[in-house]
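Close look at the chain arrangement
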Amino acid sequence: MARAHIVGLGGYQPGEPITNEVLERLVGGLPDDIMSGLSIEKRFWLLDPETGEHHENNSDLALEASKRALGAAGIQAGEVDLMLCATGTPDHTLPPMVNIVQEKLGLDQCATLEIRSAGAGWVQALEIARFYLEAGLYRTALVIGSEAISPVLVQYYLGKDPSRIRVRDRMPLYMFGDGAGAAVVTAAEDGDGGLLGGAMRAIGGNRKPGIQTFGGDTHKPMRAQREQKLVVDLQVDVVGAGQFTPQMIVEALSDTLERTGVAVDTIDHCLVPEGNVGWMLDAMDASGLRTPEWDALQPKIFDNLSQMGACGCAAVPLFADHAWRSGLFEPGQRIMLVGVEATKWVYAGEIVDWTAPTPGS
């Protein structure tokens, strides 16, 4: 039967890196223990942090990552007949951002789908692409994860005295960044390797959201929303995320391994955004949730959070692109990709027997 393969990746983050020193000047600092727990040294924003003026839009980030992925795969944009985009911060509520990227790529006709599962969304999209390609319904898929969080963040400090900004409002500014990652996926009838399958589940059906936005939506009358202090208010339950994210990760690991029938000791690398950061390791130890799968995979967990920031839908493909281009992911290796999302406690995992040659090798 046909097997779907990742044949190229591309990642893009806008502008110059914004360091912790820059943020401390603009918004005030964080206590040392919180800073060490976040483990983020820099992030990228599509706007000017001094003025809030935009240099790019989310669709521009997605377009650039897509072009880089197509270039790495040696595939022309016109060959793409399936596009999937995961984002929680589209240019507009309508039309779907995937169709804006479609237009910017010059594709008159293409099957498209947009997913709004934030950190888990790109892995979900990858699994959906696998099903379509292996069924023979499409030939070439472009799977994008793209996020633009900075337009919401700058509202918290522009024109304000940094000393008067609450610590809880400063934390998202230090955590989140913008960026996009994309994969080109094709199907081959012969040969080994490729996408083996995965798992996804939302386990927060009875649990309040860990991250939520208010503003510009339909949850209450627009006249009431106009009275808000912020156009869009981003609320992050840092304590709740710290308590429940370990549960998502251990369930994602075990569920993905079980559904694919893959033995944990055959995994060479496991990409989990925030999987190696201080707060996650401390929370895992404190939760009593350490499992045999976690213990076996923990030395193999890879992320690039410290250098890229928390980028929602873009995190997994961005970090994967970095790992592939730096030579960490090599043909013949077995990779586990895991995305987790605290908005409503969603996880998704995928296992890949890697076949794409390292660029420049």
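Preceding this section is the structure that the text describes.
Now for a quick tour of the structure. (Residues numbered from 1 in each chain as written. Predicted model: local features only at pLDDT ≥ 70, side-chain atom pairs only at ≥ 80, totals over all residues. Heavy atoms only, no water.)

Before going further, it helps to examine the packing of helix H3 (residues 58–73) against helix H4 (residues 97–104). Each packed pair of helices is defined by two parameters, the angle between the axes and the distance between the axes. It is the contact of H3 with H4, at a shortest axis distance of 9 Å, that shows an interaxial angle of 55 degrees. As far as their axial angle goes, H4 and H3 are oblique. Considering only the axes of H3 and H4, their crossing is right-handed. Residues Asn58, Ser59, Asp60, Ala62, Leu63 and Ser66 of H3 lie in contact with H4, whose contacting residues are Met97, Ile100, Val101 and Lys104. In the contact of H3 with H4, the residues fall into five nonpolar, three polar and two charged. (Axes fitted to C-alpha atoms, helices over the stretch in contact; angles between N-to-C directions. Helix = DSSP H or I, 4+ residues; strand = E, 2+ residues; numbered from the N terminus. Parallel < 35°, antiparallel > 145°, perpendicular 65-115°, else oblique. Left-handed = near helix turned anticlockwise from the far one by under 90°. Contact = heavy atoms within 4.5 Å. Nonpolar A, V, L, I, M, F, W, Y, C, P; charged D, E, K, R; others polar.)

Turning to the packing of aromatic side chains, a few remarks are in order. Using the criterion set out here, one finds four aromatic pairs in the structure. Ring geometry for tyrosine 132 versus tyrosine 138: centroids 5.5 Å apart, planes at 70 degrees, classification edge-to-face. Looking at tyrosine 132, the relative accessible area reads 34%, which means it is partly exposed. Here a set of aromatic residues connected by ring pairs shows up, and it is made of Phe302, Phe329 and Trp354. Of note, arginine 207 hangs over the ring of phenylalanine 244, and the distance from its end group to the ring centre comes to 4.1 Å. (Phe/Tyr/Trp six-rings, centres within 6.5 Å; stacked < 30°, edge-to-face > 60°. Buried < 20%, exposed > 50% of the residue type's maximum accessible area, 1.4 Å probe, protein only. Lys NZ or Arg CZ within 6 Å of the ring centre and 35° of its normal.)

Once that is clear, we can look at the sheet that holds strand S8 (residues 194–202). Whenever strands of a sheet pair, they do so through backbone hydrogen bonds, lying parallel or antiparallel. Read across the open sheet, the five strands follow the order S8-S14-S13-S11-S12; overall the sheet is mixed. In this open sheet, the two edge strands, each paired with only one partner strand, are S8 and strand S12 (301–302). In this sheet, S12 lies alongside strand S11 (residues 269–271) in parallel orientation, the contact comprising two bridges. Each bridged residue has a counterpart across the sheet, and for leucine 271 the counterpart in S12 is phenylalanine 302. This element, helix H5 (residues 121–134), spans S8, strand S13 (334–341) and strand S14 (346–353) of the sheet and lies at about 50 degrees to S14. (Pairing = 2+ DSSP bridges.)

Attention shifts here to the pairing of strand S5 (residues 111–115). Bridge analysis of strand S4 (residues 82–86) against S5 gives five bridges, and the strand direction is parallel. Along S5, the bridge assignment pairs leucine 84 with leucine 113. Regarding the hand of the β-α-β motif, the stretch spanning S4, H4 and S5 is right-handed. (Right-handed = clockwise from strand over helix to strand, strands pointing away.)

The volume enclosed by the second largest pocket comes to roughly 620 Å³. Only helix H7 (167–175), strand S9 (211–214) and strand S10 (233–236) provide two or more residues apiece to the lining of the second largest pocket. Here the lining of the second largest pocket gets four residues from one element, more than from any other, and that element is S10. For the lining of the second largest pocket, the class distribution of residues is ten nonpolar, four polar and nine charged. (1 Å grid on protein atoms, 1.4 Å probe; cavity = no way out; pocket = protein on both sides within 12 Å on 5 of 7 lines; lining within 4 Å. Points joined across faces, edges and corners; volume = space filled by probe spheres on them.)

Next up on the list: helix H9 (residues 238–260). For H9, spanning 23 residues, the distance from its first C-alpha to its last is 32 Å, which sits close to the expected 33 Å at 1.5 Å a residue. Of all the bends in H9, the largest measures some 35 degrees and sits at phenylalanine 244, one to four residues before the proline proline 246. Backbone geometry just downstream of H9 places glycine 261 in the positive-phi region, at approximately 70 degrees. (Expected span 1.5 Å × (residues − 1). Bend = angle between axes of the 7 residues up to and from the residue.)

As a further point, take the environment of aspartate 161. By secondary structure assignment, the location of aspartate 161 is in the loop between helix H6 (150–153) and H7. Placed 135 residues apart in sequence, aspartate 161 and leucine 26 show a C-alpha to C-alpha distance of 8.5 Å.

Any functional reading would require information beyond the geometric quantities listed.
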